[in-house]
2 protein chains.
Amino acid sequence: MTINVLFAARPERWDMYRGPLSDAFAEAGLDVTLAQEIAPGEVDYIVYAPNGPVQDFTPFTRAKAVMNLWAGVETVVGNETITQPLTRMVDEGLTKGMAEWVTGHVMRHHLGTDLDVLRAPGDWGQRTPPLAKDRPVTILGLGQLGQAAARMLTGIGFPVTGWSRTPKEVEGIRCLSGEEGLREALASALIVVLLLPDTPETRNILNADTLALLPEGAVVINPGRGPLIDDDALLAALDLGQISHATLDVFREEPLPEDHPYWAHPRVTVTPHIAAETRPETAARVIAENIRRSEAGEPLLYLVDRDRGY
Amino acid sequence: MTINVLFAARPERWDMYRGPLSDAFAEAGLDVTLAQEIAPGEVDYIVYAPNGPVQDFTPFTRAKAVMNLWAGVETVVGNETITQPLTRMVDEGLTKGMAEWVTGHVMRHHLGTDLDVLRAPGDWGQRTPPLAKDRPVTILGLGQLGQAAARMLTGIGFPVTGWSRTPKEVEGIRCLSGEEGLREALASALIVVLLLPDTPETRNILNADTLALLPEGAVVINPGRGPLIDDDALLAALDLGQISHATLDVFREEPLPEDHPYWAHPRVTVTPHIAAETRPETAARVIAENIRRSEAGEPLLYLVDRDRGY
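Residues numbered from 1 in each chain as written. Chains lettered and ligands numbered in written order. Predicted model: local features only at pLDDT ≥ 70, side-chain atom pairs only at ≥ 80, totals over all residues. Heavy atoms only, no water.

> Just checking my understanding: could you explain the relation of the copies chain A and chain B for this structure?
Related by rotation about an axis and a shift along that axis, the two copies of the chain form a pair. Note on the copies: chain A fits chain B at an RMSD of 0.1 Å, the axial shift is 0.0 Å, and the rotation between them is 180 degrees. This pairing of chains is accounted for by a two-fold axis. (Least-squares fit on C-alpha atoms with pLDDT ≥ 70 in both.)

Shown next as structure tokens:
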């Protein structure tokens, strides 16, 4: 019998995902009808984006799972009309893309290439950055994304410290956890990268107190979630030079409002939430695999734990 | 008996090298007098930089070797007053620094971070670059530097092709050589990195013909040597958009003259010959090891072959 899969994301995503999803369903041997509109009572699975058209899941009486296309679920997890299993996206393509984005921006700050991009004609001023081995990087968050970024950076030679709320062990990096570990992880970080989920425990984890723990002139890179940073505290630390630069991809409000002080601040680089782009080819395979598992009665991949919030 | 080592580089280098060289000589168990001025007839070894004070080596009748502080020897190799063995610098620190510089600028072009650095306030325009696996990089030159850069880039996920004049095998990268190999190496390169020595055979290796082999919109990165590129041909290819950007660290004349068209060209990034900086700590150990070898009658490391030119 045909499985009805509703594609509930923004219309412009339909063109990107339609082909890869059809291919992935075929590869997985699933007989699927995929559409942007299906009568709610006939929908078996919902492929979902939080900024898409569906907010009330009550009419989807037959749906067996809601499969989020995004890694972040903080705007979905509190939706009480979702009574089905909810999965988040762990997309190998997204993970690689994130590790590359982090590596690119770490290298940008490490080498100081902004000086080259903005160099005035005739300016032959030379400076030699230290080697990567002398530039400690701390990553807050040791999930899939944090670990992938850590691996790529250690491959280049950076000494990487990873911090997580609960203890973890990751080969090749120094792992710290808990309150005391956070202090230690920040105290040695010339570059700090935020890759934590947005939960009540992680909100404002970079605030006036924790920013003050960083060595003077440290760099902050946030491709994680906007609310991880107390924006006023970061702006104050940037004004003082305590933080020499912040590269920010995520914000409390997106698009970042035109009058937000981040836009014009000479020590801030804004990128428009591009670090963690789900890649249709790899993401489609995850969706297909989860439908196959559900139909076979096997446990779903990447089920959201609604108590933990991710 | 004390060994007299003349430090014949620019005075500002003396402060950088004096300590590391003294440490390295002590570590190697050598009794050395190191100075910027020693009577020529009493000099045993010359630590040399091509832009330093010595051009005529005739008075150094006792000197047993000339040890270049730089990787490049093209301005030294034709100096007929050098009758002693001549070594070039192969510095592990320089090699790492070069690989990092190449990786940083490849990532800069791969992610398109210049757009972020120059982003106008309020511009939320999103674009997602392909993954590194879909961005082939070609490195011309498979010496120490080319291989180190290739390894770092393959670690990130780039498919790397390496080209050398004579056939080489390097694990993990596609190796091509010779005339036909060059055509193939360029035809698939979205980013091409020049890490060849400057010899009569490599001069103008990027010219109108070879630039035309690159896919339209390719990026050129030159941390190798200025004369590898026919500058007029590159400027023409940039104007046409055949090459979308060039990041150049080395030039026929350095510092790059203020009126050179590279400075003002919107598709050119100039960096002031900073990619291959010798690092005093690691370079000093190479110098000390070569003096130890010479004193013990062992063959010197990194001897220049004056026929090959490097």
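Next comes the rest of the description.
> Explain the pattern of salt bridges to me, please; I cannot follow it from the model alone.
Side chains bearing opposite charge may pair, as long as their charged atoms lie close to each other. Residues and elements named next belong to chain B. In this structure the tally under the stated criterion is 34 salt bridges over all chains. Across the pair Glu277 and Arg13 runs a salt bridge, and its minimum N-O distance is 2.8 Å. Placement of the pair is Glu277 in the loop between strand 12 (268–270) and helix 9 (280–295) and Arg13 in helix 1 (residues 11–27), with a sequence separation of 264 residues. The exposure class assigned to Glu277 is buried, which follows from its relative accessible area of 14%. The shortest N-O distance in the salt bridge between Arg308 and Asp305 comes to 3.8 Å. A residue is classified by how much of its surface remains accessible, and Arg308, at 48% relative accessible area, is partly exposed. (Salt bridge = Lys/Arg side-chain N within 4 Å of Asp/Glu carboxyl O. Helix = DSSP H or I, 4+ residues; strand = E, 2+ residues; numbered from the N terminus. Buried < 20%, exposed > 50% of the residue type's maximum accessible area, 1.4 Å probe, protein only.)

> Would you mind showing me how to read the interface of chain A and chain B here?
Think of interface size as the accessible area that goes away when the parts come together; that is how it is often given. Listed per partner, the contact involves 47 residues of chain A and 47 residues of chain B. Both sides together, the interface formed by chain A and chain B hides about 3900 Å², and carbon and sulfur atoms give 72% of it. Summed over the three residues of chain A that lose the most area to chain B, namely Glu100, Trp124 and Trp263 of chain A, the buried surface amounts to 19% of that side. Those elements that place two or more of their residues in the side of chain A that touches chain B are helix 2 (92–111), helix 3 (113–117), helix 4 (144–156) and strand 12 (268–270) of chain A. Partitioning the side of chain A that touches chain B into residue classes produces 21 nonpolar, 14 polar and 12 charged. (Contact = heavy atoms within 4.5 Å. Buried area = accessible area lost by both parts, 1.4 Å probe. Nonpolar A, V, L, I, M, F, W, Y, C, P; charged D, E, K, R; others polar.)

> Is there a simple way to explain the pairing of strand 9 (residues 191–194) of chain A in this structure?
Remember that side chains alternate between the two faces of the sheet whenever the strand is regular. Residues and elements named next belong to chain A. Going residue by residue along strand 9, you find Ile191 and Val193 tucked away on one face and Val192 and Leu194 tucked away on the opposite face as well. Two elements, strand 6 (residues 137–140) and strand 9, share 4 bridges in a ladder whose sense is parallel. Looking at strand 9, one finds that Thr138 is bridged to Val192. With 3 bridges connecting them, strand 9 and strand 10 (residues 218–222) associate as parallel partners. When the bridges of strand 10 are listed, Val192 appears paired with Val220. (Pairing = 2+ DSSP bridges.)

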